[in-house]
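Here are the chains, one letter per residue:
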Amino acid sequence: MSRRTRRRFVLGCQGLWPGRRATGFAGTRRALRRAEVVQVDPLTVVARSHDFVLHSRVVDYRPEYLDALLYRKREFFDYGGCVYIRPMDELPYVRLAMEQVRFSDRWRSYEDEHADLLSRVRGHLRDDGPLAARDFPGVGKTGSFRSTKDTSVALYYLWLTGEAMTYGRRNFERLYALRPAVAPPGYDYVATDAEADVFSAHKASRWAGLFDAPTWAARFHRRIGRQERAKALADLVDSGFLTRVSVWPASSARIASMSTPSNLYTCVRG
């Protein structure tokens, strides 16, 4: 493909070429899935960034469409250090990552050191939820980007580990609830490592549109070495899920021998 086609192809994979080709509530759902992930940002200048992302893809987008998909229909959920909106059917694979949070350097000893606090917060969510962080009394500083109030940190930990999820928003402040109150039962399980590898290989391929091996590996759900990465991409090409792509103008030597494998890939099915 030419460089112009490459640019338009990548934009098209994200629903941006031509722009705003989805419509209404159904189009919002389609745009979220096409984008693979949309980052949530609480800051508002003209509007919040996730609303800009969807407005550029959906002709008559309204923020209430996103709220309905997230908090009423439960077709999507938000999660992560960079908070991403994901389809609810991805929860089993994300839960695998949630469980690993307990063993990370930052959180490894947190549960043992704050067992009573976590038990108290879980009890409030069970008996009185959904609740926002401000609904809990606690010790520490509030009002910062990331509150140090002990109950707020406990809520954040439960959210990161998947015990709690976002139930809804109050003036955009997150309302927490225990996971069974949010997640549909059919998606409330943990995928196996093998299932997560297959899922992540496909999602990383769709996410980038047109990509090289390092870009693909950066979006994989775990660290993957060069040899494993090369084999995984070769297997995806052999299965027909990916194809190699050459971008023109290429060098004269490259044109003379197109048998040289391209270092770019794109997803052709799935």
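Calculation criteria
- Residues numbered from 1 in each chain as written.
- Predicted model: local features only at pLDDT ≥ 70, side-chain atom pairs only at ≥ 80, totals over all residues.
- Heavy atoms only, no water.
- Helix = DSSP H or I, 4+ residues; strand = E, 2+ residues; numbered from the N terminus.
- Buried < 20%, exposed > 50% of the residue type's maximum accessible area, 1.4 Å probe, protein only.
- Contact = heavy atoms within 4.5 Å.
- Areas by Shrake-Rupley, 256 points an atom, 1.4 Å probe, with all protein chains shown as cover.
- Lys, Arg positive; Asp, Glu negative; His and termini not counted.
- Charge placed at Lys NZ, Arg CZ, Asp CG, Glu CD.
- pLDDT = per-residue confidence, 0-100.
- Polar contact = N/O pair within 3.5 Å; in protein donor to acceptor, adjacent residues only side chain to side chain.
- Axes fitted to C-alpha atoms, helices over the stretch in contact; angles between N-to-C directions.
- Parallel < 35°, antiparallel > 145°, perpendicular 65-115°, else oblique.
- Left-handed = near helix turned anticlockwise from the far one by under 90°.
- Pairing = 2+ DSSP bridges.
- Core = buried A, V, L, I, M, F, W, Y, C linked by side-chain atoms within 4.5 Å.
- Salt bridge = Lys/Arg side-chain N within 4 Å of Asp/Glu carboxyl O.
- Expected span 1.5 Å × (residues − 1).

## Looking at the overall build of the protein
Argument step 1. When helices and strands are tallied, the protein shows twelve helices and eight strands.
Argument step 2. Classification of the 270 residues of the protein by burial places 41% in the buried group.
Argument step 3. Intrachain contacts of the protein at a sequence separation of at least 6 include 56% that bridge at least 24 residues.
Argument step 4. When the accessible surface of the protein is totalled, it reaches about 14,700 Å², and 52% of it is carbon and sulfur.
Argument step 5. The centroid of the 44 positive side-chain charges in the protein is displaced by 9 Å from the centroid of its 30 negative side-chain charges.

## Brief notes about the confidence of the model for the protein
A low pLDDT means the predicted coordinates there should not be read in detail.
Argument step 1. With 92% of its residues at a pLDDT of at least 70, the protein reaches an overall mean of 90.
Argument step 2. Taken element by element, the protein is modelled with least confidence in helix 12 (residues 252-256), mean pLDDT 51, and with most confidence in strand 2 (residues 76-79), mean pLDDT 98.

## Quick word on the side chain of aspartate 78
Argument step 1. Relative to the assigned elements, aspartate 78 resides in strand 2.
Argument step 2. Of note is the side chain of aspartate 78, whose polar atom sits 2.7 Å from the side chain of threonine 166.
Argument step 3. In terms of polar contacts, aspartate 78 uses its side chain to reach the side chain of arginine 169, at 3.2 Å.
Argument step 4. Excluding residues within four positions of it along the chain, aspartate 78 makes contact with Leu70, Tyr71, Val83, Tyr84, Ile85, Trp159, Thr166, Arg169 and Arg174.

## Some remarks on the environment of valine 59
Argument step 1. Along the chain, the position of valine 59 falls in the loop between helix 3 (49-55) and helix 4 (63-72).
Argument step 2. Since its relative accessible area comes to 40%, valine 59 is described here as partly exposed.
Argument step 3. Here the alpha-carbon distance between valine 59 and glycine 19, two residues 40 residues apart in the chain, equals 8.7 Å.

## Thoughts on the packing of helix 2 (residues 24-35) against helix 4
Argument step 1. At a closest axis distance of 9 Å, the pairing of helix 2 and helix 4 adopts a crossing angle of 65°. By the angle between their axes, helix 2 is roughly perpendicular relative to helix 4. For the pair helix 2 and helix 4, the sense of crossing is right-handed. Contacts between helix 2 and helix 4 involve Gly24, Phe25, Thr28, Arg29 and Leu32 on the former and, on the latter, Tyr65, Leu66, Ala68 and Leu69.

## Remarks on helix 5 (residues 91-100)
Argument step 1. Inspection of helix 5 places Leu91, Pro92, Val94, Arg95, Leu96 and Met98 among the buried residues, and these make up the whole buried set.
Argument step 2. Its buried side turned inward, helix 5 meets strand 2, strand 3 (84-87), helix 8 (150-160), strand 4 (164-170) and helix 9 (193-208).

## Some remarks on the sheet that holds strand 6 (residues 210-211)
Argument step 1. Here we have three strands laid out as an open sheet, ordered 6-8-7, and antiparallel in their pairing. Both outer strands of the open sheet, strand 6 and strand 7 (242-245), are each paired with one neighbouring strand and no more.

## Description of the nonpolar core
Looking at soluble globular proteins, one finds that nonpolar side chains tend to be buried together.
Argument step 1. Residues Leu32, Tyr79, Ile85, Val121 and Leu125 are the most contacted members of the largest nonpolar core, which totals 46 residues.
Argument step 2. For this core, the elements supplying multiple residues, two or more each, are helix 2, helix 4, strand 2, helix 5, helix 7 (115-128), helix 8, strand 4 and strand 5 (173-178).
Argument step 3. Here the element with the most residues in this core is helix 8; it accounts for seven residues.
Argument step 4. Residues within four places of tyrosine 79 in sequence aside, it is in contact with Tyr84, Val94, Met98, Val101, Trp159 and Leu160.
Argument step 5. Membership of the second largest hydrophobic core comes to 15 residues, among which are Ile224, Leu233, Leu236 and Tyr265.

## Here we look at the pattern of salt bridges
Argument step 1. All told, the structure shown has 21 salt bridges when counted by the stated rule.
Argument step 2. The shortest N-O distance in the salt bridge between arginine 169 and aspartate 78 comes to 3.2 Å. Remark: aspartate 78 occurs in strand 2 and arginine 169 occurs in strand 4; sequence separation between them is 91 residues.
Argument step 3. Of the residues examined, arginine 169 reaches a relative accessible area of 23% and is grouped as partly exposed.
Argument step 4. Taking the relative accessible area as the measure of exposure, aspartate 78 reaches 4% and is therefore buried.

## So, helix 7
Argument step 1. Over its 14 residues, helix 7 extends 20 Å from the first C-alpha to the last, a length consistent with the 20 Å expected when each residue adds 1.5 Å.
Argument step 2. Within the sequence span of helix 7, burial applies to Leu117, Leu118, Val121, Gly123 and Leu125.
Argument step 3. Next to the buried residues of helix 7 lie helix 6 (110-113), helix 8, strand 4 and strand 5.

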